[in-house]
Amino acid sequence: MSFSTKGQWSFSYDEDDFVVANHPDFDSSINEAVSNYFDDVRNIHSTEWLMSEWREIGRRYPEEPNGVSFNATVATLSGAGTVTIESQYGQFETITLPESEFLCAVHAFHEFLSPARSDD
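One structure accompanies this document, and this report is about it. (Residues numbered from 1 in each chain as written. Predicted model: local features only at pLDDT ≥ 70, side-chain atom pairs only at ≥ 80, totals over all residues. Heavy atoms only, no water.)

**Looking at the sheet that holds strand E5 (residues 73–79)**
The following threshold applies: Only strands that DSSP links by at least two bridges are regarded as paired with each other. Labels follow the DSSP assignment, with helices taken as runs of H or I lasting at least four residues and strands as runs of E lasting at least two, numbered in each case from the N terminus. Fitted lines through C-alpha atoms serve as axes, helices being fitted only where they are in contact, and the angles separating the N-to-C directions of these axes extend from 0 to 180 degrees. Only heavy atoms matter for contacts: two residues are in contact if any of them lie within 4.5 Å across the pair.
Here four strands make up an open sheet; going across it, the order is E4-E5-E6-E7 and the pairing antiparallel. Edge positions in the sheet fall to strand E4 (67–70) and strand E7 (95–98), since each has one partner strand and no second. Neighbour-to-neighbour, the strand axes of this sheet turn through a mean angle of 20°, independent of strand direction. Pairing geometry for E5 and strand E6 (residues 82–87), over six bridges, is antiparallel. Within the sheet, the bridge partner assigned to Thr73 lies in E6 and is Ser87. This element, helix H1 (residues 28–41), spans E4, E5, E6 and E7 of the sheet and lies at about 120° to E5. This element, helix H3 (residues 99–113), spans E5, E6 and E7 of the sheet and lies at about 90° to E7.

**Overview of the packing of aromatic side chains**
Operational definition: Stacked, edge-to-face and tilted labels apply to pairs of Phe, Tyr and Trp rings (six-membered ring for Trp) whose centres lie within 6.5 Å, assigned for plane angles under 30 degrees, over 60, and everything in between, in that order. Between buried and exposed lies partly exposed: a residue is buried under 20% and exposed over 50% of the maximum accessible area for its type, with that area taken using a 1.4 Å probe on protein chains only.
Scanning all chains against the criterion turns up 13 aromatic pairs. With a centroid separation of 5.6 Å and an interplanar angle of 80°, the aromatic rings of Tyr37 and Phe38 are classed as edge-to-face. Residue class for Phe38 comes out buried when judged on its relative accessible area of 0%. Arranged with centres 5.8 Å apart and planes meeting at 80°, the rings of Tyr37 and Phe70 form a pair that is edge-to-face. Pair noted here: Tyr37 is in helix H1 and Phe70 is in strand E4, with a separation of 33 residues, a long-range link. Among the aromatic residues, those joined into a cluster by ring pairs are Phe11, Tyr13, Tyr37, Phe38, Trp49, Trp54, Phe70, Phe102, Phe109 and Phe112.

Rendered as structure tokens:
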């Protein structure tokens, strides 16, 4: 199963059922970090919670906690319009990307997991 939006984020599973994220405009370190983050997010309920929580993070930034962790990965609103994704155990290189791209990835991953989506 895979899902792609033209010129944007695509998602699939590898042979070990690991989530693989790909964006053609980003290098392998960003794609690897996003893959690891969404592999930890893993399901549609967690993705919906992330979407809701991220709205709150934007409202509270910079006064309140500004990140969302899943297992060993964390995405942090690290500046105006910038997200940092890092591993708590050094499994991948810490990366930054525009918040708009992070949110596009969140929504694309939600679509990837959506049971209403067809597998055309």
